[in-house]
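Examining the three-dimensional arrangement
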Amino acid sequence: MNKLKIAQVAPLYESVPPKLYGGTERVVSYLTEELVQQGHHVTLFASGDSITKARLIPACDRALRLDLESVDQMVHHIGMLQRVLDECDHFDVVHFHIDYLHFPLSRLMRLTHVTTLHGRLNIPDLKPFYNLFQDMPVISISHEQRKPLGEINWVGNVYHGLPKNLFKPNYNPGKYLAFLGRISKEKRVDRAIEIAIRSGLPLKIAAKIDKTDQEYFDQHIKKLLNHPLIEFIGEISDKEKNEFLGNATALVFPIDWVEPFGLVMIEAMACGTPVVAYDKGSVPEVIDHGVNGFIVDNEEDAVKAVENIGLLDRQECRKVFDERFTAGRMATDYVKVYSRALEMERDIYDLKIL
């Protein structure tokens, strides 16, 4: 396969990769570095404090979430789009990770592009908007994610992946339950706390608290942390994740929303740690029930799953990761989508010539 000239366009809220919490920017980093490793010519549009082997075009000095001097975050994204347009003749394909922000410009400029939609799509405001842009080629990160907008121009489904050597698996039985992610209503750390208490196992919570979720944390979660089995750690880095997840008996993933993917599930698998997850969103596409975790419907089932977690083979958890969720597989899948996009563009061009 010919080597491609590819632009990756990341959100600017976190660096690529993020210093702490950050899903989309983390995936963009894994994809970018793997594409470079595979020999493609990659340009990354991201914040200036990003670290990459690709050519970096910074759209702001530092990631916006932790930049106290940044007031208007959108202006930096609009400026980044102009930088992309200034450079677009140098690329075979532009891969956007900023949702719909670029749609009018990409249509006007007739860019060869694709967009991975990383977030939830079951928001009423989105349907009329995407109906206006049904020609925009978009990629899902799970088949479940597509359902609210099933009629738009889906050109691929690519599951997230991690670098194969990012985490070292630990095949010894763990000593506690782990919750990793973000404190919010839909992530349901309160369920994780109750499951741990009923199971009689310690729970370690490594989680970020956004400003928008601070009130929820203060009113509903803070008081639950006083139990002797519960330990709140806060945000952790990638380096800290390996020990945190690898030493856990299981990752508890008690979500109460249509999770588009759930990167933490494959992070746990890479560490050899099984997952106890509620049957929501992408969970059935990521977890093979009875192999790399248990899929449950309620708290009672979750407690039983924790009690039976020793029936699962931690080496099998890692094997599922190696077979299905590496960055190498993710990049290969995306290159196939890029190639199809280029073929479609050539077909359209040939029809115009005729």
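Fair warning: this is a prediction, and the values are worked out from it, not measured in the lab.

In the predicted model, the chain carries a mean pLDDT of 94, and 97% of its residues have values of at least 70. Counting interchain partners and residues more than four positions distant, the pLDDT-below-50 stretch residues 349-354 has one contact.

The next subject is the packing of aromatic side chains. A complete count under the given rule lists 14 aromatic pairs for this structure. On the basis of an interplanar angle of 15° and a centroid distance of 6.1 Å, the ring pair of Phe103 and Phe129 is categorised as stacked. Pair noted here: Phe103 is in helix H3 (residues 103-109) and Phe129 is in helix H4 (residues 126-132), with a separation of 26 residues, a long-range link. Residue class for Phe103 comes out buried when judged on its relative accessible area of 0%. According to the relative accessible area criterion, Phe129 is partly exposed, its value standing at 24%. Their ring planes at 85° and their centres at 5.7 Å tell us that Phe129 and Tyr130 sit as a pair that is edge-to-face. Clustering of aromatic rings is evident, with ring pairs tying together Tyr100, Phe103, Phe129, Tyr130 and Phe133. Sitting over the ring of Tyr176, Lys204 keeps its end group 4.4 Å from the ring centre.

Turning our eyes to something else, we now look at the environment of Asp99. When you line up the elements, Asp99 lands in the loop between strand S4 (93-96) and H3. Asp99 sits 89 residues away from Ala10 along the chain, and the two C-alpha atoms are 9.8 Å apart.

Running from amino to carboxyl end, helix H6 (residues 189-199) crosses helix H11 (residues 299-307) at an angle of 55°, the nearest separation of the two axes being 9 Å. The angle between H6 and H11 places the two elements in the oblique class. Considering the relative orientation of H6 and H11, their crossing is right-handed. Residues Glu194, Ile195, Arg198 and Ser199 of H6 form the contact with H11, whose own contacting residues are Glu299, Glu300, Ala302, Val303 and Val306. Grouping the constituent residues of the contact of H6 with H11 by class yields four nonpolar, one polar and four charged.

Here the focus is helix H9 (residues 263-270). Most of H9 is tucked away: eight of the eight residues are buried. Buried within H9 are the following residues: Leu263, Val264, Met265, Ile266, Glu267, Ala268, Met269 and Ala270. Immediately beyond the C-terminal end of H9, within one or two residues, lies Gly272, with a positive phi of roughly 80°.

Our focus in this paragraph is the pairing of strand S9 (residues 203-208). Where burial is concerned, most of S9 is hidden: five out of the six residues are buried. Note that strand S8 (residues 177-182) and S9 share six bridges and pair parallel. When the bridges of S9 are listed, Phe179 appears paired with Ile205. In this region the chain leaves S8, passes through H6 and returns to the parallel neighbour S9; the handedness of that crossover is right-handed. Inspection of the sheet shows S9 paired to strand S10 (residues 230-232) by three bridges, in the parallel sense.

With respect to topology, seven strands assemble into an open sheet ordered S3-S2-S1-S4-S5-S6-S7, the strand pairing being parallel. The open sheet terminates on both sides in strands that have one partner only, identified here as strand S3 (55-58) and strand S7 (154-157). Averaged over all pairs of adjacent strands, the angle between their axes in this sheet comes to 25°, without regard to strand direction.

The rules we used
Residues numbered from 1 in each chain as written. Predicted model: local features only at pLDDT ≥ 70, side-chain atom pairs only at ≥ 80, totals over all residues. Heavy atoms only, no water. pLDDT = per-residue confidence, 0-100. Contact = heavy atoms within 4.5 Å. Phe/Tyr/Trp six-rings, centres within 6.5 Å; stacked < 30°, edge-to-face > 60°. Helix = DSSP H or I, 4+ residues; strand = E, 2+ residues; numbered from the N terminus. Buried < 20%, exposed > 50% of the residue type's maximum accessible area, 1.4 Å probe, protein only. Lys NZ or Arg CZ within 6 Å of the ring centre and 35° of its normal. Axes fitted to C-alpha atoms, helices over the stretch in contact; angles between N-to-C directions. Parallel < 35°, antiparallel > 145°, perpendicular 65-115°, else oblique. Left-handed = near helix turned anticlockwise from the far one by under 90°. Nonpolar A, V, L, I, M, F, W, Y, C, P; charged D, E, K, R; others polar. Pairing = 2+ DSSP bridges. Right-handed = clockwise from strand over helix to strand, strands pointing away.

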